[in-house]
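# Observations on the model geometry
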Amino acid sequence: MTEVFFKVQDVLENYKTAIYEKDVEKFLSMYDSEMHIYDSWGKWESKGISSWKKNVQEWFNGLSEDGVLLKVDFNDLVVEENSYLAFVHCAVTFAAHKDESGEKLRQMTNRFTYGLKKVNKSWVIAHEHSSLPINMETGKGIFNLK
């Protein structure tokens with residue numbers, strides 16, 4: 001871990017910046033090596049940083065190939081923390097923009113929950129869960145309720 005995140009908000013800012021810059025190592029720097037993720041995309045779960053790194057590399061490579069910059073916003077953010085553990089829940093909006101012109105192409109909003117812990121005075125994500133509500137008639141995820 002090269003980054004040090006003294007505040008939970010530092011982790012969230014790093015999340016936004018690393019995605020916009022498509023910087024895999026910067027993105028991974030905020031995760032515990034033994035993290036556990038339930039993601040909305042592709043796989044049921046990722047356990048450990050090496051499993052998650054493969055997903056992140058594919059995601060960022062796809063964005064680069066498509067010429068897309070992804071802007072992230074946290075909405076309805078709730079942070080509860082003590083000295084060693086933090087719990088965060090929020091709605092996260094991902095807005096895709098053309099790399100060249102900045103034109104907005106699309107956006108979606110997911111629900112996120114993060115469990116963070118302090119390791120060597122730095123906050124890291126130990127657990128992450130993203131989800132979408134499901135339309136019971138179609139069985140498909142609802143992307144933009146927010």
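Scroll up to find the structure this text is about.
The rules we used
One numbering rule holds for all chains: residues counted from 1, following each sequence as written. Reporting of local features is limited, given that this is a predicted model, to residues whose pLDDT is at least 70; pairs of side-chain atoms are given and counted only at 80 or more, and all residues count toward the totals for whole chains, interfaces and linings. With hydrogens and water set aside, each side-chain value is computed from the structure's full complement of heavy atoms. Think of it this way: any DSSP run of H or I at least four residues long counts as a helix, any run of E at least two long counts as a strand, and we number them from the N terminus. Here the globule rule is a power law, 2.2 Å times the number of residues to the power 0.38, and the radius of gyration is based on C-alpha atoms. Using a 1.4 Å probe on the protein chains alone, a residue whose accessible area is under 20% of its type maximum counts as buried, one over 50% counts as exposed, and one in between counts as partly exposed. Throughout, a residue-residue contact means that at least one pair of heavy atoms, one from each residue, lies within 4.5 Å. With residues, only the protein chains shown are counted as cover, and all accessible areas are computed by Shrake-Rupley using a 1.4 Å probe. Two strands qualify as a pair provided DSSP detects at least 2 bridges between them.

Our focus in this paragraph is the overall build of the chain. Helix and strand counts for the chain come out as three helices and six strands. In sequence order, the secondary structure elements of the chain are arranged as α-α-β-β-α-β-β-β-β. Its C-alpha atoms give the chain a radius of gyration of 15 Å, within 12% of the compact-globule value 15 Å for 146 residues. Across the 146 residues of the chain, 40% fall into the buried class. Sequence separation of at least 24 residues holds for 51% of the intrachain contacts in the chain that already meet a minimum separation of 6. As presented, the chain carries roughly 8,600 Å² of accessible surface, and 50% of it is formed by carbon and sulfur atoms.

For the rest of this paragraph, the subject is the pairing of strand β1 (residues 31-38). Relative to strand β6 (residues 122-131), β1 runs parallel, the two sharing four bridges. Each bridged residue has a counterpart across the sheet, and for Tyr38 the counterpart in β6 is His129. Note: β1 against strand β2 (residues 46-47), two bridges, orientation antiparallel. Along β2, the bridge assignment pairs Ile37 with Ser46.

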